[in-house]
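Each chain is listed here by its residues.
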Amino acid sequence: MEKARILVQGIVQGVGFRPTVYRVAHGLNINGYVRNLGNIVEIVIEGQNNKINEFITSLQNNKPPISEINSLEVEWLDHKGQEFNDFRILESSKNFSGSSVIPPDIATCDNCLEEVFEVSNRRHNYPFTACTDCGPRFTVISSVPYDRIRTSMKSFPLCEDCEVEYANPKDRRYHAEASCCPVCGPKVFLYRENVIDSENPIKKAAELIDEGNILAIKGIGGTHLVVKTTEDGPVEKLRKRLGRYNQPFACMSKDLKTVQTFTDISGSEKNVLESRRRPIVVLNKNNGYMLSPSVSPYLHNLGVMLPYSALQHLLFTYTNEPAYIMTSANMPGEPMLIDNREITSKLNGIADYYLLHDREIINRCDDSVVRFRGNEMAFIRRSRGYVPEPYDFARISEDLNVLALGPEIDVTFSLLKEGKCYVSQHIGDTTKYETFRYLQEAVNHMMDITRTGSVDVVACDLHPMFFTTKLAEDMSQDFESEIVRVQHHHAHAASLCVDNNIEEVICIAADGVGYGDDGTAWGGEILLSHGSSYERLASLMPQPMAGGDLTTKYPVRMFMSMLYNHIGDDELVGLMKTGYSHFFKHGEREIDLVLKQLQKGFNTNTTTSTGRVLDTISTALRICGERTYEGECAMKLESAAFYGENTLKIPYEIGTNRGKDFLNTSNILISVLELIEKGEKMQNIARAAQNAIAFGLAEMAIKAAENVGVKVIGGSGGVFYNEAISVAIRNTVESAGYTFVQHKNSCAGDGSVSMGQAAIAAWKSQGI
Ligand SMILES: [Zn+2]
Ligand SMILES: [Zn+2]
Ligand SMILES: [Zn+2]
């Protein structure tokens, strides 16, 4: 006989880990006990050496679906004769330090769905059915340890039947904190001015949607606005009421088979779509696409997800629609609505009916969005189903706590604790008061559930005027901690390094805009990033921006700026007046004004942004003349190029200024104009222009890598969501013999910036 103590770390609490241990031990007739010790599960067992090894293997093979084993240590103890007569689950030890990792919300499991659809089951048709293997976690937890009294389930005491399941280690609902049933759990109801009496509110909701109404449906971690997709009318109505005329809406379909009727879906996309994390996957439309074109206007793709709660599964049993639009219910730029009173007051005039329930949402968590580039996945938004699962930071001292507050618009924050980086759910645009408040609440909550009292370093952007920078300054005073200001694209590069577990990279950081260390607006950078230091080796050609930020909304101003000084003023004005004056908000007279602005250099900060160049090409090709949502013009350019043929070639030229290479983007634009003049097809020109930018960026990166002797080149920033650009850069870099890395488990865009800031702050304090 031997005795062993096994310590398991990872996501092992609130996920049915102890009952699994119990079942495995019973199955092998092994005696001992299991208990929680803070973030560790401790198992002590006695038995024959081979039995103990069999136990360990079996535990690893049978671990609960939501759990994650990060480490499993076995310590062989002195065995002084038989000590245990059975196997038990002991009470959690009260004196523990350290944080337990809270699991994310997980889609309803097959066992629960079976119950929901089985007529004789006591949970038949019950929309909140959940068990240890599935259901809400992060969104219902207010503090730790994870017990029912510290969740929004505390208002729903277990009934007798549920109590029996909860107390039985052999039951799937043993200690399932979100477990409930029609007798004891939350209830769903239909509302419009008053509660509407209905035998089956979910069925009624589906009928109302199918009649063309807009419904606000409160779900697990947030609220959706829902309309049918097979007619333009309801979609247009939703667009009008929201004032969101172009932005693509995400959809939900009943199952994979239905999704395949209107999209092309690859094997890897399918796996993610059906995974228990259930993100929105951006998929290409197929030839049979039959949803309203208004769902994602002028784009070749759309975001689709599958039901992840029993409520959603039930909803789809009552409709024959192939998909419903399911878009986050929020006011523009503000956080998603989660409180019944707020939902009904703020969406008054937008939603026709409300399907609500009486369980509180403690943490809102928007749907995650992923997109594939070739076979590689990237997050556009990493939120529900993933957060708060931390990233492991190698080489970081366990004692160092860092809070990083991210950029300004597409904000997440990150909390680094004990070498683990908790990147928050999607927070959003912090220039909006409500969102800024949400950021503060979410920070406090994350500190609570990770048991973090204080931090040693607060990290933020280099931009002095961001609200997140100001908050960082306040918090660093409160915590009496150091503040580290991080350049935006360096943060991109650092997040890429963390995601790929490397220390050094030549990073192509290509995005909309980030504040450069010279005070100009960067966004097409070749950086050598090494730990907490970086060097800017090359970039796109610095371009004036006539009217500063106005160029973002009206790329035609950028169009004039990029041509200014490259063609004559008269020619420039002539071109604008004959072909593009309708893109100027104030028509022709604005054209003269912009020229004066450029001549005098008034309000014309310079930029190396790749996003601005792609927007401009989109405008030059008359694809998109006004940006009404983030990335719009560049996304529509990508969709046009998607349908283009690879028949044209646009040359690109790399120049040098003060020892730094730059890609001449004005020349690329002039070539685009020449091809338009020649009557070439718009889609083919779009494709050639994207290629020129991709090859130019890749060539500068390869040259930089050669010069400094670095073998790894990477890509980060929103431009790397563009599949064509991203694949072209990868191919060019790899054919030159370099390794190419991209974001795999993190956002390519600004959602990862806070993680990069946290990494740089930590490396800096450790001299890396
Ligand atoms: Zn379940
Ligand atoms: Zn019950
Ligand atoms: Zn960025």
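Here's what I pulled together on the structure shown here. (Residues numbered from 1 in each chain as written. Chains lettered and ligands numbered in written order. Predicted model: local features only at pLDDT ≥ 70, side-chain atom pairs only at ≥ 80, totals over all residues. Heavy atoms only, no water.)

## Points about the packing of aromatic side chains
Where we set the bar: Ring pairs shown here join Phe, Tyr and Trp side chains whose ring centres sit within 6.5 Å, with only the six-membered ring taken for Trp; geometry is labelled stacked below 30 degrees between planes, edge-to-face above 60, and tilted in between. Here the term buried applies to any residue with accessible area under 20% of the maximum for its type, exposed to any over 50%, and partly exposed to those in between, with areas from a 1.4 Å probe on protein chains only. Sitting over a ring, as applied to charges here, requires NZ of Lys or CZ of Arg to be within 6 Å of the ring centre and within 35 degrees of the ring normal.
Overall, the coordinates contain 12 aromatic pairs when judged by the stated rule. Here Phe316 and Tyr324 contribute two aromatic rings whose centre-to-centre distance is 5.1 Å and whose plane-to-plane angle is 35°, an arrangement assigned as tilted. When the ring of Phe379 is compared with that of Tyr386, the centres are 4.7 Å apart and the planes differ by 85°; the resulting orientation is edge-to-face. In terms of burial, Phe379 and Tyr386 fall into one category: buried. Counting every residue linked through ring pairs, the aromatic cluster contains Phe559, Tyr580 and Phe583. Taking NZ or CZ as reference, Arg536 lies 3.9 Å from the ring centre of Trp522, over its face.

## Topic: the coordination of the zinc ion (ligand 1)
To keep things clear, this is the line we draw: Note: metal donors comprise N, O and S atoms at 2.8 Å or less from the metal (3.2 Å for Na, K and Ca); water molecules are not included, so apparent gaps in a site are possible. Just to be clear on the cut-offs, tetrahedral is four donors with all angles between 85 and 135 degrees, square planar is four donors and octahedral six with opposite donors over 155 degrees apart and all others between 65 and 115, and anything else goes down as irregular.
For the zinc ion (ligand 1), the protein coordination sphere consists of Cys109 (SG), Cys112 (SG), Cys131 (SG) and Cys134 (SG), at 2.3 Å. One can describe the site at the zinc ion (ligand 1) as tetrahedral: its four donor atoms subtend angles covering 104 to 119° at the metal. Binding-site remark: the zinc ion (ligand 1) is held by donors from one chain whose sequence spacing is C-x2-C-x18-C-x2-C. Taken as a pair, Cys131 and Cys134 share a single burial class, namely buried.

## Points about the coordination of the zinc ion (ligand 2)
Those donors, Cys159 (SG), Cys162 (SG), Cys181 (SG) and Cys184 (SG), are the protein atoms that reach the zinc ion (ligand 2), and they lie 2.3 to 2.4 Å from it. Considering all four donor atoms around the zinc ion (ligand 2), angles at the metal cover 103 to 118° and the coordination shape is tetrahedral. Taken in sequence order, the residues that donate to the zinc ion (ligand 2) follow the motif C-x2-C-x18-C-x2-C. Side by side, Cys159 and Cys162 carry an identical accessibility label, which is buried.

## Quick notes on the nonpolar core
Just so we agree on the cut-off: The set of buried Ala, Val, Leu, Ile, Met, Phe, Trp, Tyr and Cys residues whose side-chain atoms join them within 4.5 Å is what this entry labels a nonpolar core. What counts as a helix is a DSSP run of H or I of at least four residues, what counts as a strand is a run of E of at least two, and both are numbered from the N terminus. Start and end points for every domain follow an automatic or database-based domain assignment. Residue contacts follow a heavy-atom distance rule, with two residues in contact if any of their heavy atoms lie within 4.5 Å.
Core analysis: the biggest nonpolar cluster contains 115 residues, and Leu225, Leu347, Ile506, Met576, Ile617, Ile713 and Ile729 have the highest contact counts within it. Ranked by residue count, the leading element in this core is helix 21 (residues 682-708), at 14 residues. Of the domains in this structure, domain 2 (188-369) and domain 4 (492-539 + 652-751) are the two that each give at least three residues to this core. Excluding residues within four positions of it along the chain, Met576 makes contact with Val556, Phe559, Met560, Leu563, Ser581, Phe584 and Ile591.

## So, helix 1 (residues 17-27)
Think of an α-helix as 3.6 residues a turn; residues three or four steps apart then line up on the same face. Taken across its 11 residues, helix 1 has eight buried, putting it largely inside the fold. Considered for burial, the residues of helix 1 that qualify are Phe17, Arg18, Pro19, Thr20, Val21, Tyr22, Val24 and Ala25. Of the surrounding secondary structure, the elements contacted by the buried residues of helix 1 are strand 1 (2-11), strand 2 (31-37), strand 3 (40-47), helix 2 (49-61), strand 4 (68-77) and strand 5 (87-89). The positive-phi residue at the C-terminal boundary of helix 1 is Asn29, with phi of around 55°.

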